[in-house]
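Here are the chains, one letter per residue:
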Amino acid sequence: TVGSITGVAATFTGNLNVGGVLTYEDVKNVDSVGVITARAGIKVPDNQRINVGDGNDLYLKHDGTNSELHNNAGNLTIDSGINLNITNVHGEDMAKFIANGEVQLYHDNAKKFETTTTGATIYQKLQLSGAHPRIDLVDSDANPNWSIINNQGILGFYDDTNGAYRLNVTTSGATVIGDITISDKII
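This is a predicted model, so every value here is computed, not measured.

Peer 1: Whenever I open this one, the overall build of the chain confuses me. Can you help?
Peer 2: Within the chain one finds 0 helices and 13 strands. Listed N to C, the secondary structure of the chain is β-β-β-β-β-β-β-β-β-β-β-β-β in terms of helices and strands. For the chain, buried positions account for 7% of its 187 residues. A fraction of 1% describes how many contacts in the chain between residues 6 or more apart in sequence connect residues 24 or more apart. Split by element, the accessible area of the chain, about 16,200 Å² in all, is 50% carbon and sulfur.

What follows is the structure, encoded as C-alpha cells:
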C-alpha cells in the first residue's frame, strides 16, 4: 500500500519492516525488549544526555563545546582490554596506562613521569613548592629516616631518627654537623 496509515494503536505479532524513514514525533519513551541495533550509529543532540542505570547513575553529555562523562554511584572502571592511551585532539600523548607495566604522564607530548618495577622515574626536574618543601626518605617502617629540606635557602639533610640536621648546603659551601665516616672513597 502506498500512502500513510494513521491509527491510535497497533499490535504486530510478526516482523515489521520499514523500507524508508520511520518518523515518530512527541514520543516520550521507546520500550524495547531485547537488543537495539543502530547500524548508522546513535545521534544525540547537544545538551542532551545518554543515561545509564535506574537512577541515571552514569551519563554522557556534550554541550556543543565540552563533553562530560559523569558517574554518580560507586567506582568508574575503564577496562581497555590491553592498554589505555589518553591523547588530545592533536594526537599528542597525555597519559598511558600499560597493562602489566608502567604508567606514563606527559606534558605537551613529552614524557615527564613513569612508574617502573623498582619505583618511578621523573624526566627533567621535580619541583617542590611551599614554605619548607621536603623529600622524606622512608624506610620499611613507614617513618622517614632522612629528609631533604629546603629551609630558607639552605638545603639540609635532616636525620629524622635523631631530630637534627646532619649536612647543610648553601651557595657558599657545606656544613657538616656531627661526625663524618668515609667507608670507601670520595670521587
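Peer 1: Is there a simple way to think about the side chain of Asp93 in this case?
Peer 2: With respect to the helices and strands, the residue Asp93 is situated in strand 5 (residues 93-97). Within the structure, Asp93 has its side chain in polar contact with the side chain of Lys96 (distance 3.5 Å). Residues contacting Asp93, with those up to four places away along its chain left out, are Ile86, Thr87, Tyr106 and Asn109.

Peer 1: Would you take a moment to explain the sheet that holds strand 7 (residues 110-116) for this structure?
Peer 2: Within a sheet, adjacent strands bond to each other through the backbone by hydrogen bonds, running parallel or antiparallel. Spatial strand order, 4-5-6-7-8: 5 strands in an open sheet with antiparallel pairing. The sheet terminates laterally at strand 4 (84-87) and strand 8 (119-122), the two strands that pair on one side only. Taken pair by pair, the neighbouring strands of this sheet meet at an average axis angle of 10 degrees, ignoring direction. Bridging between strand 4 and strand 5 involves 4 bridges; their strand directions are antiparallel. Its bridge partner lying in strand 5, Asn85 is registered against Lys96.

What counts and what doesn't
Residues numbered from 1 in each chain as written. Predicted model: local features only at pLDDT ≥ 70, side-chain atom pairs only at ≥ 80, totals over all residues. Heavy atoms only, no water. Helix = DSSP H or I, 4+ residues; strand = E, 2+ residues; numbered from the N terminus. Buried < 20%, exposed > 50% of the residue type's maximum accessible area, 1.4 Å probe, protein only. Contact = heavy atoms within 4.5 Å. Areas by Shrake-Rupley, 256 points an atom, 1.4 Å probe, with all protein chains shown as cover. Polar contact = N/O pair within 3.5 Å; in protein donor to acceptor, adjacent residues only side chain to side chain. Pairing = 2+ DSSP bridges. Axes fitted to C-alpha atoms, helices over the stretch in contact; angles between N-to-C directions.

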